[in-house]
There are 4 protein chains.
Amino acid sequence: MYSIFETEITVRPDDIDMNNHVHYSRYLDYILMARYDQMKKDYKVSMEEFVEQGYSWVASQVNIIYERPILLKDRVTVRTQLQSFQGAVAMVNFWIVKSDGGKLAAQGEVNYTMISIKSGRATRIPDEIIKKYQV
Amino acid sequence: MYSIFETEITVRPDDIDMNNHVHYSRYLDYILMARYDQMKKDYKVSMEEFVEQGYSWVASQVNIIYERPILLKDRVTVRTQLQSFQGAVAMVNFWIVKSDGGKLAAQGEVNYTMISIKSGRATRIPDEIIKKYQV
Amino acid sequence: MYSIFETEITVRPDDIDMNNHVHYSRYLDYILMARYDQMKKDYKVSMEEFVEQGYSWVASQVNIIYERPILLKDRVTVRTQLQSFQGAVAMVNFWIVKSDGGKLAAQGEVNYTMISIKSGRATRIPDEIIKKYQV
Amino acid sequence: MYSIFETEITVRPDDIDMNNHVHYSRYLDYILMARYDQMKKDYKVSMEEFVEQGYSWVASQVNIIYERPILLKDRVTVRTQLQSFQGAVAMVNFWIVKSDGGKLAAQGEVNYTMISIKSGRATRIPDEIIKKYQV
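Here the residue index of a chain counts from 1 through its sequence in written order. Chain letters start at A and ligand numbers start at 1, both assigned in the order the entries are written. Note on the predicted model: pLDDT of at least 70 is required for a residue's local features to be given, and 80 or more for side-chain atom pairs to be given and counted; whole-chain, interface and lining totals, by contrast, use all residues.

**Regarding the overall build of chain A**
Right, on to step 1. In DSSP terms, a helix is any run of H or I states spanning at least four residues, a strand is any run of E spanning at least two, and both are numbered starting from the N terminus. Counting its secondary structure elements, chain A contains three helices and five strands.
Right, on to step 2. Traced from its N-terminal end to its C-terminal end, chain A shows the element sequence β-α-α-β-β-β-β-α.
Right, on to step 3. Whereas a compact globule of 135 residues would reach a radius of gyration of roughly 14 Å, chain A reaches 15 Å, a difference of no more than 12%.
Right, on to step 4. Projected onto its principal axes, the C-alpha coordinates of chain A cover approximately 45 × 30 × 25 Å.
Right, on to step 5. Working definition of burial: number of other C-beta atoms within 10 Å of the residue's own, with buried at 20 or more, exposed at 12 or fewer, and partly exposed in between, all C-beta atoms being placed from the backbone. For chain A, the residues scored as buried account for 36% of the 135 residues in total.
Right, on to step 6. Note that contacts rest on C-beta atoms placed from the backbone: two residues are in contact if these are within 7 Å. A fraction of 64% describes how many contacts in chain A between residues 6 or more apart in sequence connect residues 24 or more apart. Taken over C-alpha atoms, the radius of gyration is set against a globule rule of 2.2 Å times the number of residues to the power 0.38.

Encoded structure:
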């Protein structure tokens, strides 16, 4: 079982759409923000270090269920948890909750595929990386 | 079987992220743009008309598979097709393809839930609306 | 002379464009975020309270000088200072600086026009509001 | 006197903010979209060609006056006109108008600074480039 890590996000006015809620595509930006933060803070391998070694991660699939609107006055917490590794793909579960009260705003999974920057192709995640993620 | 409708999208420079591709959350903005366009153009019931009648549509689930990066020089076509109706939910399949060559950039499904603007609650899609969508 | 207030902003990955810098339009989103924050935190009249009283603020002019790129790893601080009031318009100076080291990333002025939500028209800023801003 | 060129922009639902207007920072995205389009279409030197030659353009100053809100149903036309060249800087006037009726939504100027990609520094605009812009 992998740990659950979390990152708090401040909703910005430009995230709000004509329905007075956080726009549905901005949830994906919050998840990306949280993963970048947690790579550095929790896994101790920042995206920059991957890039220096010639690798990068791209989202290859997202499944998101919207449970509850997020308002401008809300602060939200994005929790993510590695689910499994398979070849070039890391599967990650996420939950976006309201920081006050903890109600669930959205949940789902993202698949991140590791790619070689040079070739642009998916590349098997090295064991040493998988080991770093055993936290 | 429901018809497949399509909308062409011009990639804007602000859609491009640090990987020199269209940012992964902007795909959801392209899908929304296409649905708005097709509601007016193909189903003949624009979002404005729903709002006037006290209804709106919100995305309640998105499943998207990213197949291929979209570049600034690309033009893309978003095809959508109603899959089914269930209570308050319309399930819609989508395909984002490159307008030149037709290669698939992404595909998936979105669930749209019809809500009453007054109550904010999900509301059963009226038969007259379902009928309008039989095109 | 009006006080200078400040708000710290976390750069998000979706703010970064193809030049690997914060996209030039996102600076305006940072300024808006800072003003919302400072309306609540420093002037003690949140945007929500204006809206409840039937008023809103819209940007009617922006002049921004970009001095230095902002990178993903940066944290930035947005400082704003009221310059003057004239009729319906509040003129505000801003400086966006890097939180580490304090180097200037951008500076300029924004004019905010107070509008009546009902009429959509510019409306003279009431003396009681101007008084609240004397901090 | 330099020519005025124009580009039509389709407003997307994600451009609309909580005030039901195009968000104020998105105007800058429309201007950038127009300049990219016009570099290719009208000046016959696309941004990609600049980059291949080791150069790029960055916005170094924007002055924008918001005249009238843009709504989701609007189509807008962005007109731009070179005003002058000075060292590394091209000064460009712009007007954003509603395609139907031609009412002015915004106007202003952008300064674009030519930079060497290698050094990141401002670089004097070569005469051959200035010549290409004499259209």
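**Some words on the relation of the copies chain B and chain A**
Right, on to step 1. Overlaying chain B on chain A yields an RMSD of 0.0 Å, the required transformation being a rotation through 180° with an accompanying axial translation of 0.0 Å. Interpreted geometrically, this transformation is the action of a two-fold axis. The position closest to the rotation axis in chain B is occupied by the C-alpha of Asn63(B), lying 2.1 Å away.
Right, on to step 2. With an isologous cut-off of 70% or more, the 100% of interface residues of chain B that recur at the interface of chain A puts this contact in the isologous class. The copies were overlaid by least squares, fitting only the C-alpha atoms of residues that reach a pLDDT of 70 or more in each copy.

**A closer look at the relation of the copies chain B and chain C**
Right, on to step 1. Mapping chain B onto chain C is achieved by rotating through 180° and translating by 0.0 Å along the same axis, at an RMSD of 0.0 Å.
Right, on to step 2. Of all interface residues in chain B, 100% are interface residues in chain C too; the two copies therefore contact each other through one and the same surface.

**Points about the interface of chain B and chain C**
Right, on to step 1. Chain B puts seven residues into the contact, and the matching count from chain C is seven residues.
Right, on to step 2. Split into classes, the residues belonging to the side of chain B that touches chain C amount to two nonpolar, three polar and two charged. Ten residue types, Ala, Val, Leu, Ile, Met, Phe, Trp, Tyr, Cys and Pro, are classed as nonpolar, four, Asp, Glu, Lys and Arg, as charged, and the remainder, Gly among them, as polar.

**Brief notes about the sheet that holds strand S1 (residues 4-10) of chain C**
Right, on to step 1. Across the sheet, which stays open at both edges, the 10 strands sit in the order S1(C)-S3(C)-S4(C)-S5(C)-S2(C)-S2(D)-S5(D)-S4(D)-S3(D)-S1(D) with antiparallel pairing between neighbours. Single-partner strands in this sheet number two, and they are S1 of chain C together with strand S1 (4-10) of chain D. Averaged over all pairs of adjacent strands, the angle between strand axes in this sheet comes to 25°, irrespective of strand direction.
Right, on to step 2. When strand S2 (residues 55-66) of chain C meets strand S5 (residues 104-116) of chain C, the two strands line up antiparallel, connected through 11 bridges. We treat two strands as partners when DSSP finds at least two bridges between them. Interaxial angles span 0 to 180 degrees and are taken between N-to-C directions of axes, which are lines fitted to C-alpha atoms, for helices over the stretch in contact.

**Some remarks on the interface of chain B and chain A**
Right, on to step 1. Facing 13 residues of chain B, the contacting portion of chain A comprises 13 residues.
Right, on to step 2. Of all the secondary-structure elements, those providing two or more residues to the side of chain B that touches chain A are helix H1 (26-41) and strand S2 (55-66) of chain B.
Right, on to step 3. Counting residues per element, the side of chain B that touches chain A draws most heavily on S2(B), which supplies eight residues.
Right, on to step 4. For the side of chain B that touches chain A, the per-class residue count stands at seven nonpolar, four polar and two charged.

**Quick look at the sheet that holds strand S3 (residues 75-86) of chain B**
Right, on to step 1. Pairing within the open sheet is antiparallel, and its 10 strands lie in the order S1(A)-S3(A)-S4(A)-S5(A)-S2(A)-S2(B)-S5(B)-S4(B)-S3(B)-S1(B). Looking along the sheet, the strands with just one partner apiece sit at the ends: strand S1 (4-10) of chain A together with strand S1 (4-10) of chain B. Each adjacent strand pair in this sheet contributes to an overall mean axis angle of 25°, direction not counted.
Right, on to step 2. Bridge analysis of S1(B) against S3(B) gives seven bridges, and the strand direction is antiparallel.

**Topic: helix H1 (residues 26-41) of chain A**
Right, on to step 1. The span you would expect from a helix comes to 1.5 Å times its residue count less one. Along its 16 residues, H1(A) runs 22 Å from first to last C-alpha, staying within 8% of the 22 Å computed at 1.5 Å per residue.
Right, on to step 2. For H1(A), the full list of buried residues reads Arg26(A), Tyr27(A), Leu28(A), Asp29(A), Tyr30(A), Ile31(A), Leu32(A), Ala34(A), Arg35(A), Asp37(A) and Met39(A).

**Comments concerning helix H1 (residues 26-41) of chain C**
Right, on to step 1. Here H1(C) lies mainly inside the structure; 12 of its 16 residues are buried.
Right, on to step 2. Buried within H1(C) are the following residues: Arg26(C), Tyr27(C), Leu28(C), Asp29(C), Tyr30(C), Ile31(C), Leu32(C), Met33(C), Ala34(C), Arg35(C), Asp37(C) and Met39(C).

**What about the environment of Gln83(D)?**
Residues and elements named next belong to chain D.
Right, on to step 1. Mapped onto the elements of the fold, Gln83 is located in strand S3 (residues 75-86).
Right, on to step 2. With 15 C-beta atoms packed within 10 Å, Gln83 lands in the partly exposed category.
Right, on to step 3. In this structure, the C-alpha to C-alpha distance between Gln83 and Tyr43, residues 40 residues apart in sequence, is 15 Å.

**Focus on the environment of Arg12(A)**
Right, on to step 1. Of note, Arg12(A) is situated in the loop between S1 and H1.
Right, on to step 2. The spatial distance from the C-alpha of Arg12(A) to the C-alpha of Arg75(A) is 9.8 Å, given a sequence separation of 63 residues.
Right, on to step 3. Those residues in contact with Arg12(A), other than ones at most four positions away along the chain, are Asp29(C) and Met33(C).

**Concerning the pairing of strand S4 (residues 89-98) of chain B**
Residue and element names in this part refer to chain B.
Right, on to step 1. The sheet contact formed by S3 and S4 spans 10 bridges and is antiparallel. When the sheet's bridge partners are listed, Leu82 is paired in S4 with Val92.
Right, on to step 2. In this structure, the hairpin formed by S3 and S4 is closed by a connection of two residues, where Gly87 is found at a positive phi of approximately 65°.
Right, on to step 3. Judged from the nine bridges that link them, S4 and strand S5 (residues 104-116) form a sheet pairing that is antiparallel.

**Focus on the confidence of the model for chain A**
Residue and element names in this part refer to chain A.
Right, on to step 1. Every residue is assigned a pLDDT by the predictor, reflecting its confidence on a scale from 0 to 100. When pLDDT is averaged across chain A, the result is 95; 100% of the residues are at 70 or more.
Right, on to step 2. Put simply, helix H2 (residues 47-52) is where chain A has its lowest mean pLDDT, 88, and strand S4 (residues 89-98) is where it has its highest, 98.
Right, on to step 3. The ipTM, which scores confidence in the relative placement of chains, is 0.95 for this predicted complex, and the corresponding pTM is 0.96.

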